[in-house]
Amino acid sequence: MLMTADTRDLSNSSPAAPVARAPTLRDDLRQIADWIADGAHVLDLGCGDGSLMAYLRESRAARVYGVEIADDSILQCVRRGLSVIQADLESGLRMFPDRMFDTVVLSQTLQAMHETEAVLREMARVGRQGIVSFPNFGHWRHLASLIGGRMPVSPQMPYQWYDTPNVHLCTPKDFEILAGRLGLMITGRALLANGEPVNVLPGLRSKLAVYRFEPK
Amino acid sequence: MRSGSVGFVTPQSMRFEEPLELASGARIVDYELCYETYGSLNAERDNAVLICHALNASHHVAGRYADHPEQIGWWDNMVGPGRPVDTRRFFVIGVNNLGSCFGSTGPMSTNPATGRPYGASFPVVTVEDWVDAQARLADRLGIRRFAAVMGGSLGAMQALSWTIRYPERIGHCVAIAITPRLSAQNIAFNDVARAAIRSDPDFHGGDYYAKGVVPKSGLRVARMIGHITYLSDDAMAEKFGRSLRTPDYAFGFGAEFEVESYLRYQGDKFSEYFDANTYLLITRALDYFDPAREYGGDLVQALAPALAGFLLVSFTTDWRFAPARTREIVEALVVNGREVVYAAIEAPHGHDAFLLDDGRYHRLVAAYFENIAQELGC
């Protein structure tokens, strides 16, 4: 399902990446930004405090809108002078017409969605391309934790089993299977650990998965 | 820093002799606008903020009057030194709209053509007419472009209209508790209120001034109806529930329930100071507001001329202008590629929440105006 050419294209960051990266930008956000064209019209779902949006605005001159539910995050986005819409992700997506955005981003939120399939379908509807990132549940430390009899708790999944918002954890392979079933064509994949691509045993050694897809 | 009141303020008046062409085709040949200002206009003349009022308010946005210290401006918690719209940085203008009853030319004013009060003959005015009149006031004050135009409810409609009619003259539109058009239910409530006024025997078809009477009972009912729509079901339940003022049912029709007593009191108070013809005019302006109308209902096209940045705020329990209505505007703005912030504030108070001092709401407005101030360096 994956096109190796794309994978190679992704794991090298673009040679023309001249912009000094904000040191605080989360690792997946850097990868996401690399997949966004200059001047693109972007929707960032669950945009949080607006870090990615601010970065895209400055480094890509992108026209970016965020959707976010939390009051505090909205305020932070306003303080950064960003465009942000307070809504839950589902109604936040429903309000937009088809193919309204060049890219729709869902960063580290997929695993907390109740209606996972619906959200992915909607992303493919309102955007020409979608980008998702999520923690890799298949990371070896998580497996080790399970072998030791405990649910995994890690920096990318810092919750106890009883208070986690993560209801739909998955592995990269799981995601690829679902994408195939939903008719989404994966056009890019980056499996990362500590911000660097993992080439050897990525299924076990990567902590974060970032995918780019398009409707077929 | 402590936030405070702008202190004592003095209303001013500006006379306009060039006729104003109205949406109806009528014209007002000679009129006056009452206004107040707070803070000072900077040398660049770019730090002005216009505040537009809703149904029953006026140019008295902030501060108090030396001779009537109990009359506090209707948005005093929003406008003042250190308040969300900070008068140490912005020059804020409140203006009373045409057709109102607080000093600007309206039905109570003398019609120069007849020498008698306009009464029923005062032309029906629209949100767009108000905005045109406000633009003339801005011209006379030497303000080419507002840093922001802001309002709640009907005031927010004026702010939105500014972005369409004078896109080059408005930097930001701050629209609180807005709808792009009234629903059938909204119009229905307005019509019941107007019916109450028009069926009052003291109304005399709108020409009651000469008779020395006021259609108070009609106004009172109109206000009671309006007031119900400003509050949420929950807010009313919490405030009044089914509490009785009498020890038990009195088996009559007096104000036995607390809610009845409250509404009657509000109605009485209102009928003492508000003008019935103005009530008809302003509710009609609400009914007619529909910028998408000339585009077959397409709000995206209607808002296409807008260049401003937008802050839109709705309140979750506002059933009069519900959050979904505001979202229609947000969607159209995003489609047009405009900068927009939309916040849906969880507040129990219904439509009236826009006037109340809610921390999340005020922090957001303050942050938005802080950005504007930084943009302008004021």
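Residues numbered from 1 in each chain as written. Chains lettered and ligands numbered in written order. Predicted model: local features only at pLDDT ≥ 70, side-chain atom pairs only at ≥ 80, totals over all residues. Heavy atoms only, no water.

### Here's the deal with the overall build of chain B
And step 1. Within chain B, the regular secondary structure consists of 10 helices and 14 strands.
And step 2. The C-alpha radius of gyration of chain B comes to 21 Å, within 12% of the 21 Å expected for a compact globule of 378 residues.
And step 3. Taking the 35 positively charged and 45 negatively charged side chains of chain B as two groups, their mean positions are separated by 1 Å. (Helix = DSSP H or I, 4+ residues; strand = E, 2+ residues; numbered from the N terminus. Rg over C-alpha atoms; globule rule 2.2 N^0.38 Å. Lys, Arg positive; Asp, Glu negative; His and termini not counted. Charge placed at Lys NZ, Arg CZ, Asp CG, Glu CD.)

### Remarks on the packing of aromatic side chains
And step 1. The final tally for this structure, using the stated rule, is 27 aromatic pairs over all chains.
And step 2. Geometrically, the ring pair formed by Phe134(A) and Phe175(A) is tilted, given 5.4 Å between the ring centres and 45° between the ring planes. Here Phe134(A), found in strand S5 (residues 127-135), pairs with Phe175(A), found in helix H8 (residues 172-181); they are 41 residues apart in sequence, far enough to count as distant.
And step 3. Residue classification places Phe175(A) among the buried positions, given a relative accessible area of 2%.
And step 4. Between Tyr273(B) and Phe274(B), the aromatic rings sit 6.3 Å apart at their centres with planes inclined by 80°, giving edge-to-face as the arrangement.
And step 5. Given the relative accessible area of 38%, Tyr273(B) is considered partly exposed.
And step 6. Stacked on the ring of Tyr166(B), the Lys or Arg Arg169(B) has its end atom at 5.9 Å from the ring centre.
And step 7. Above the face of the Phe321(B) ring, Arg320(B) is positioned so that its terminal group lies 5.2 Å from the ring centre. (Phe/Tyr/Trp six-rings, centres within 6.5 Å; stacked < 30°, edge-to-face > 60°. Buried < 20%, exposed > 50% of the residue type's maximum accessible area, 1.4 Å probe, protein only. Lys NZ or Arg CZ within 6 Å of the ring centre and 35° of its normal.)

### A short note on the interface of chain B and chain A
And step 1. Residue-level contacts link 21 residues of chain B with 19 residues of chain A.
And step 2. Taking both sides of the interface into account, the surface hidden between chain B and chain A amounts to around 1,600 Å²; carbon and sulfur atoms contribute 62%.
And step 3. If you look at where chain B meets chain A, you find one salt bridge.
And step 4. Taking the shortest distance from any N to any O, the salt bridge between Asp71(A) and Arg360(B) comes out at 3.7 Å.
And step 5. Counting across the chain B and chain A interface gives eight residue pairs in polar contact (both at pLDDT 80 or more).
And step 6. Of all the secondary-structure elements, those providing two or more residues to the side of chain B that touches chain A are helix H9 (323-335), strand S14 (340-345) and helix H10 (359-376) of chain B.
And step 7. Its residues placed into classes, the side of chain B that touches chain A shows 13 nonpolar, two polar and six charged. (Contact = heavy atoms within 4.5 Å. Buried area = accessible area lost by both parts, 1.4 Å probe. Salt bridge = Lys/Arg side-chain N within 4 Å of Asp/Glu carboxyl O. Polar contact = N/O pair within 3.5 Å; in protein donor to acceptor, adjacent residues only side chain to side chain. Nonpolar A, V, L, I, M, F, W, Y, C, P; charged D, E, K, R; others polar.)

### Brief notes about the pattern of salt bridges
Residues and elements named next belong to chain B.
And step 1. On inspection of all chains with the given rule, the structure shows 26 salt bridges over all chains.
And step 2. Between Arg 89 and Glu 370 there is a salt bridge, with the nearest N and O atoms lying 2.8 Å from each other. Linking Arg 89 in the loop between strand S7 (85-86) and strand S8 (91-95) with Glu 370 in helix H10, this pair joins segments that are 281 residues apart in sequence.
And step 3. Looking at Arg 89, the relative accessible area reads 25%, which means it is partly exposed.
And step 4. Between Glu 328 and Arg 181 there is a salt bridge whose closest N-O contact spans 3.1 Å. Residue Glu 328 is located in helix H9, and its partner Arg 181 is located in the loop between strand S12 (170-176) and helix H3 (184-198); the two are separated by 147 residues in the primary sequence.
And step 5. Each member of the salt-bridge network shares a partner with another, and the members are Arg 181, Asp 290, Arg 325 and Glu 328.

### A word on the packing of helix H6 (residues 116-126) of chain A against H8(A)
All names here are of chain A.
And step 1. Packing of H6 against H8 brings their axes to within 11 Å, and their N-to-C directions diverge by 65°. Crossing handedness for the pair H6 and H8: right-handed. Packed against H6, whose contacting residues are Thr 116, Glu 117 and Leu 120, the element H8 presents Phe 175, Leu 178 and Arg 181 at the interface.
And step 2. Of the residues contributing to the contact of H6 with H8, the split by class is three nonpolar, one polar and two charged. (Axes fitted to C-alpha atoms, helices over the stretch in contact; angles between N-to-C directions. Left-handed = near helix turned anticlockwise from the far one by under 90°.)

### Section: the pairing of S8(B)
Residues and elements named next belong to chain B.
And step 1. In terms of residue burial, S8 counts as a mostly covered element, since five of its five residues are buried.
And step 2. Where strand S4 (residues 31-38) and S8 come together, four bridges link them in antiparallel fashion. Bridge pairing links Tyr 35 to Val 95 in S8.
And step 3. Pairing between strand S5 (residues 48-52) and S8: four bridges, direction parallel. If you follow Leu 50 over to S8, its bridge partner there is Ile 93. (Pairing = 2+ DSSP bridges.)

### What to know about the side chain of Ser206(A)
Residues and elements named next belong to chain A.
And step 1. Mapping Ser 206 onto the fold places it in the loop between helix H9 (202-205) and strand S8 (208-215).
And step 2. Within the structure, the side chain of Ser 206 is placed 2.7 Å from the backbone oxygen of Pro 202, a separation counted as a polar contact.
And step 3. With residues up to four places along the chain from it excluded, the contact list for Ser 206 reads Asn 136, His 139, Leu 191, Leu 192, Ala 193 and Val 198.

### Quick notes on a nonpolar patch on the surface
Residues and elements named next belong to chain A.
And step 1. A cluster of nonpolar residues, Trp 140, Leu 143, Leu 146, Ile 147, Met 151, Trp 161, Tyr 162, Val 200, Leu 201 and Leu 204, forms a patch on the protein surface that exposes about 1,100 Å² of accessible area.
And step 2. In terms of residues, the nonpolar patch owes the most to one element, helix H7 (residues 140-147), which gives four residues.
And step 3. Note that Tyr 162 resides in the loop between H7 and H8. (Patch = residues over 30% accessible without salt bridge, like charges linked within 9 Å, V, L, I, M, F, W, Y side chains within 5 Å. Areas by Shrake-Rupley, 256 points an atom, 1.4 Å probe, with all protein chains shown as cover.)

### Let's talk about the environment of Ser271(B)
And step 1. Its place among the elements puts Ser271(B) in helix H6 (residues 258-273).
And step 2. When residues no more than four places from it in sequence are discounted, the contact partners of Ser271(B) are Lys216(B), Leu219(B) and Arg220(B).

### Points about helix H4 (residues 216-230) of chain B
And step 1. The first and last C-alpha atoms of H4(B) sit 21 Å apart over 15 residues, in line with the 21 Å expected at 1.5 Å per residue.
And step 2. By the burial criterion, the buried members of H4(B) are Gly218(B), Leu219(B), Ala222(B), Arg223(B), Met224(B), Ile225(B), Gly226(B), His227(B), Thr229(B) and Tyr230(B). (Expected span 1.5 Å × (residues − 1).)

### Focus on the confidence of the model for chain A
And step 1. Here chain A averages 87 in pLDDT, and 88% of its residues register 70 or above.
And step 2. Note that pLDDT drops below 50 for residues 1-24 of chain A; the model gives that stretch 26 contacts with residues more than four away or on any other chain. (pLDDT = per-residue confidence, 0-100.)

### Some details on unusual backbone geometry
Residues and elements named next belong to chain A.
And step 1. With a phi angle near 50°, Gln 108 is a residue other than glycine that sits in the positive phi range.
And step 2. Inspection of the secondary structure assignment puts Gln 108 in the loop between strand S4 (101-107) and H6.
And step 3. Although it is not a glycine, Leu 201 sits at a positive phi angle of roughly 50°.
And step 4. Relative accessible area serves as the criterion here: at 54%, Leu 201 is assigned to the exposed category.

### Overview of the side chain of Gln266(B)
And step 1. As for its placement among the helices and strands, Gln266(B) is situated in helix H6.
And step 2. Of the residues examined, Gln266(B) reaches a relative accessible area of 11% and is grouped as buried.

### Quick look at the environment of Thr278(B)
Residue and element names in this part refer to chain B.
And step 1. Inspection of the secondary structure assignment puts Thr 278 in helix H7 (residues 276-288).
And step 2. Exposure remark for Thr 278: the relative accessible area of 0% places this residue in the buried category.
And step 3. Taking the C-alpha atoms as reference points, Thr 278 and Gln 71, 207 residues apart in sequence, are found 20 Å from one another.
And step 4. Setting aside chain neighbours within four positions, we find Thr 278 in contact with Gly 99, Ser 100, Cys 101 and Pro 107.
And step 5. Of the polar contacts made by the side chain of Thr 278, one reaches the backbone oxygen of Gly 99; its length is 2.8 Å.

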